[in-house]
Amino acid sequence: MELLFALVIGALTASGVYLLLRARTFPVVMGLTLLSYGVNLFLFATGRLATGEQPVIGTASGYSDPLPQALVLTAIVIGFAMTAFLVVLALRNLADNENDHVDGQHETPSEQTQDQEVTSK
Amino acid sequence: MSLPLVVLLPFLGAIAAPLFAQGGRTAIAIASSVPALIALAALFPHWSVLSAGGTVLHSYEWLPVLGLSFSFRLDGLALLFALLILVIGLLIIIYSHYYLKASENVAKFYSLLLCFKGSMLGIVLSGNLLLMLIFWELTSLTSFLLISFWTHKQDARRGARMALAVTGGGGLALLAGILLIGNIVGSFELDDVLAAGDLIKAHALYPVALTLILLGAFTKSAQFPFHFWLPHAMQAPTPISAYLHSATMVKAGIFLMARLYPALAGTEQWFYMVSFTGMATLLLGAYIAMFKHDLKGLLAYSTVSHLGLITLLLGMGTQLAAVAAIFHVINHATFKASLFMAAGIIDHETGTRDMRRINGLWRYMPHTATLAMVAASSMAGVPLLNGFLSKEMFFAESLELNLPGLWAWLPPIIATLAGIFAVAYSARFVHDVFFNGKPVDLPKFPPHEPPRYMKFPVEILVFACIMVGVFPTIAVGPLLFAAASATLGGDVPDYQLAVIHGFNLPLLMSFMAFFGGLLMYSQRQRFFDFHARFREIDEKAVFEAVVSKFVLLANRCTSWLENGSLQRYAMLLIVSVIAVTVMPLADIGFDIGENGLSAVDGATALAAVILILSALATATWHRERFYALVLLSVVGLIVALTFARFSAPDLAMTQLSVEVVTIVLLMLALFYMPSWTPLESSKAQRTRDILIALAAGAGMTLITLAILTQPFSSISDFFLENSKPGGGGTNVVNVILVDFRGFDTLGEITVLAIAALGIYAMLKDTALTPPPGDGLGHAWTRDHYPLMLRQIARPMLPLALMVSAYIFLRGHNLPGGGFIAGLITSVALILQYIASGMIWTQDRIRFRYHNVIGLGLLFATIAGSGSLAFGYPFLTTTFGYITWPIVGKFEVASALVFDLGVYMAVIGATLLALVSIGRLSPHSAIKSKKEGV
């Protein structure tokens, strides 16, 4: 079970990192989302894997570690806020610069020619 | 208290002085003198302790962990330097009053001068090495500003920059050296360091520490090969040169060597490094001074030479030599400051400093000429003047050095040679300027005597030269004794301050120097011709070239690293993380800890496989953004299931509801963005990225595996035990959030609120026109709000609200709580927006989400501060039980109010963010005139 869990985190990280290295905003946002899934699961894993031991007093014979859970709970919500902020940053950039690159480029060659046409008009 | 006051006063004066600038130049000069006068008065009462060889220590804690304290320490050596700084500082203020033109920024001048004075006093009075270093750096900075006082002159700016680069670089070396010393001794307090001399000298790191500290001292005191900055610093106004570059700043390095003399001196390394540097500087400075046509240039190189002399004396390591060094510090400060002032007067009255043009001034300004001639004679070492006495001591000590074989001849020969040069350049200063024919083409003609009181400071100093020269014991005896005793750590050798010690070898050397120098001056044309054969190196050009090369290199580095591509930054970041972790990870390897692996059940394995495949598929097909998003949502759902599977029901519920909101958010964003990503990166680049990603994934897998299989202990037992009795709830996760770690949660919802407001602000006046279709050739549906969805969504709202109320209320005891309930409510409301549209929904929501966020934060804060009224710390909770009809016994905790705040903040933030994006399209913005957002 532990190995499987570790592989899940590995897969989430690998896919997240790959998407993070793309040149456009949207894949980067998706990559960050995947990466935060991975990180949340990893944080959660520091409390070890327990089955049927939810940390609610009186409902189980033993209790899993509630502290990582509390941390991850807020991390999930903050992660959402961060994703939303990032998406909006990307949208604002799109609105102002008509561009969703994050690799320092501005236009693809085809778009550039279109731009030139616009300016020549 | 009086010692910190002495250091602090000039800084206060620096703030106050500009206020007097309105009152004219006299007012500000008087105001600037006040700190020094008070400081002198404050130092006076300590004399009785110091003259007996004692020290005064005023210490206050600052950062005890770092060994840094506000520790001020006064002994004979510190007093001597403090007096030089204060008294010459006062004379400089009088002199500046006449020197500066009315049009100049006098407020800035005096303010900087006082800052410098405070920093200098800080160096000499610090009882803690780290504190001293702070003041040391302050002198570098303030002197930079003073040298570049005439900011319109390029030479001044460049000279200042060079001085800062050299002395600042030395300061860094000094910092390293001091840290080493502190490490060896275990304390940065001066008393401890001075007492630990043997420990330091025996330590393996002694040579390193010594070299670093000497680098600091040599750069500051313009020792060869760092001497080049001092002549270029002569671009400063002359009062500054007289103050900084004769009496104070350049003596800081000398002071440092004298200060640490008991701790560092007396070894072979000290002897060779310090004395040979001093010898080289002494000779080089004296030689170059001969050939300078600029008055201040001559004085600058002569200063370099005299600093070398003092360094050489300190390097000799004998006690008498150290006494001679201290004595020469006093003498050099007096005659050199007066010479600089005289040079400034000449510059002031003739408009030039070129000795080829300034001749025969005796006829025009006999008074100034007399003063300058006395001071120059002292510089040359003419008997009955103070310079003679210390030079004589120097000659005597140079004979005492026990170097092997013929080497023993080297110090006396160099000393005599330097003496000859000194007499020659002093003779040039006197003869060339005041005699030697008539002035040539002076910018101001005829020159005349300066204002009466501009000469006053020069007179005082020249008077001091004569007094010390004729009555040394009375004039400086006690002060010199106290300073020497402090330098040597108590045992002062027998020395005599007589004017003539009888006819002996040193006196012979003096005669040789005197007549040799005069002879040399008379034959100067031959020497000039000889010197002209060598190409002079322009240090400034070399320095500028080096600097511009560094700037170029730095720019290249910056533009290579910071090319505006997030893609590249992320790559570098991730690769460096991998590089840093690869070694420890190799150690861990494929590690299964003591706990071993537990069995896998079929359902979990299936879910895990689906999760892994979906994640990889998201990455693989990311260019089809819509499909990738669907796959991403699968991943999120299974993550929620994972939490549920491994005993975290709260997390599962949170993840589930956040997942819904996130996907809605991304869908909404996709509405405005291109729905596919063009293929831009090359195959090689993608392969590289895949390798990086795989390495990162593998690393995380190994770390997770190692963690999961290790036994561990947690602080959570406390939470489990106290959740019910202390927090009144059985859901430990919720109790941690709203009670144990309530302050964290307050911080989190604040961040949430800020993010939402930030989103609102970013999108407030932005309009984005969505593309007409999804980019793959499909137009958007014309049925914006499908009937079925509308019909289902409306009755869902009250149901969902009821569920969220239930989840909220039970949160303290069963999985649920403010975060989850808030998200459920948000999802229910978002559903209405999706089903019925912005306008329809907004018309029915009569409040602004900003207010909801604000109220939420307010509730949470009030709930937290309620406990303050009862004398408990912030966010202490209380609880009780009431019995409701039908429901039965019900627990009411003050944490519930806090959780209500969380609930509202989450709703407000989530909806404000999503609605802001939804309103982006101009279509919805124009139509929704009655906008509630």
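Residues numbered from 1 in each chain as written. Chains lettered and ligands numbered in written order. Predicted model: local features only at pLDDT ≥ 70, side-chain atom pairs only at ≥ 80, totals over all residues. Heavy atoms only, no water.

Engineer: What's the story with the pairing of strand β1 (residues 56-63) of chain B in this structure? I'm lost.
Structural biologist: Residue and element names in this part refer to chain B. The pairing of β1 with strand β2 (residues 68-74) spans seven bridges and is classified as antiparallel. Looking at β2, one finds that V56 is bridged to L74. In this antiparallel pair of consecutive strands, β1 and β2, the connection spans four residues, and G67 shows a positive phi of 80 degrees. (Pairing = 2+ DSSP bridges. Helix = DSSP H or I, 4+ residues; strand = E, 2+ residues; numbered from the N terminus.)

Engineer: Any chance you could explain the side chain of B:R625 here in plain terms?
Structural biologist: As for its position among the elements, B:R625 is in helix α28 (residues 625-645). With a relative accessible area of 0%, B:R625 lands in the buried category. Within the local environment of B:R625, its side chain forms a polar contact with the side chain of A:D100, the two groups lying 3.2 Å apart. Setting aside its immediate chain neighbours within four residues, B:R625 contacts A:R24, A:F26, A:P27, A:D100, B:L670, B:M673, B:P674, B:S675, B:W676 and B:T677. (Buried < 20%, exposed > 50% of the residue type's maximum accessible area, 1.4 Å probe, protein only. Polar contact = N/O pair within 3.5 Å; in protein donor to acceptor, adjacent residues only side chain to side chain. Contact = heavy atoms within 4.5 Å.)

Engineer: What is the right way to read the environment of B:L146 from this model?
Structural biologist: Residue and element names in this part refer to chain B. With respect to the helices and strands, L146 occurs in helix α6 (residues 129-147). Remark: the alpha-carbon pair of L146 and F109, spanning 37 residues in sequence, is separated by 7.5 Å. Discounting chain neighbours no more than four positions away, the residues touching L146 are F109, L112, L113, F116, A236, P237, I240 and L244.

Engineer: Just to check I follow, could you spell out the nonpolar core for this structure?
Structural biologist: In globular proteins that are soluble, nonpolar side chains generally tend to be buried together. Residues and elements named next belong to chain B. W229, L264 and W270 are the most contacted members of the largest nonpolar core, which totals 201 residues. For this core, the element with the most residues is helix α17 (residues 319-350), which contributes 19 residues. If you look at the next biggest cluster of nonpolar residues, it comprises 124 residues, including I574, A615, F819 and A913. (Core = buried A, V, L, I, M, F, W, Y, C linked by side-chain atoms within 4.5 Å.)

Engineer: Sorry if this is basic, but what is going on with the packing of aromatic side chains here?
Structural biologist: Where two aromatic rings form a pair, the distance of their centres and the angle of their planes describe that pair. All names here are of chain B. Within the structure shown, the criterion is met by 27 aromatic pairs over all chains. Aromatic side chains F81 and F255 sit 5.0 Å apart centroid to centroid with 70 degrees between the ring planes, which places their arrangement in the edge-to-face category. Here F255 lies in helix α13 (residues 249-259) and F81 lies in helix α4 (residues 76-99), a separation of 174 residues in the sequence. Judged by relative accessible area, F81 falls into the buried class, the value being 2%. For F255, a relative accessible area of 1% corresponds to the buried category. Summarising the aromatic geometry, the rings of F394 and F395 are spaced 5.8 Å apart at their centres and angled 35 degrees between planes, so their arrangement reads as tilted. The structure contains a cluster of three or more aromatic residues connected by ring pairs, namely Y287, F291, F421 and F528. (Phe/Tyr/Trp six-rings, centres within 6.5 Å; stacked < 30°, edge-to-face > 60°.)

Engineer: Could you clarify how one ought to interpret the environment of B:A779 in this entry?
Structural biologist: Residue and element names in this part refer to chain B. Among the structural elements, A779 can be located in the loop between α33 (742-763) and α34 (787-810). Among the residues examined, A779 registers a relative accessible area of 64% and is labelled exposed. Among residues more than four places away in sequence, those in contact with A779 are P772 and G773.

Engineer: Help me understand the side chain of A:H101, please; the structure alone is not making it clear to me.
Structural biologist: All names here are of chain A. Positionally, H101 belongs in the loop between α3 (66-97) and α4 (109-120). According to the relative accessible area criterion, H101 is buried, its value standing at 8%. At 3.3 Å, the side chain of H101 forms a polar contact with the side chain of R24.

Engineer: How should I be thinking about empty space enclosed by the protein in this particular structure?
Structural biologist: Over the atoms rolls a probe the size of a water molecule, and in doing so it shows where empty space is left. With the rule as written, the count across this model stands at eight cavities of 30 Å³ or more. Considering only enclosed or pocket space, the largest cavity measures out at about 120 Å³ in volume. Surrounding the largest cavity, 13 residues form its lining, A:S36, A:Y37, A:I76, A:F80 and B:V658 being those nearest its centre. If you list the elements that add at least two residues to the lining of the largest cavity, you get α2 (25-45) and α3 of chain A together with α29 (649-672) of chain B. Top element by residues in the lining of the largest cavity is α3(A). It accounts for five residues. Its residues placed into classes, the lining of the largest cavity shows five nonpolar, seven polar and one charged. (1 Å grid on protein atoms, 1.4 Å probe; cavity = no way out; pocket = protein on both sides within 12 Å on 5 of 7 lines; lining within 4 Å. Points joined across faces, edges and corners; volume = space filled by probe spheres on them. Nonpolar A, V, L, I, M, F, W, Y, C, P; charged D, E, K, R; others polar.)

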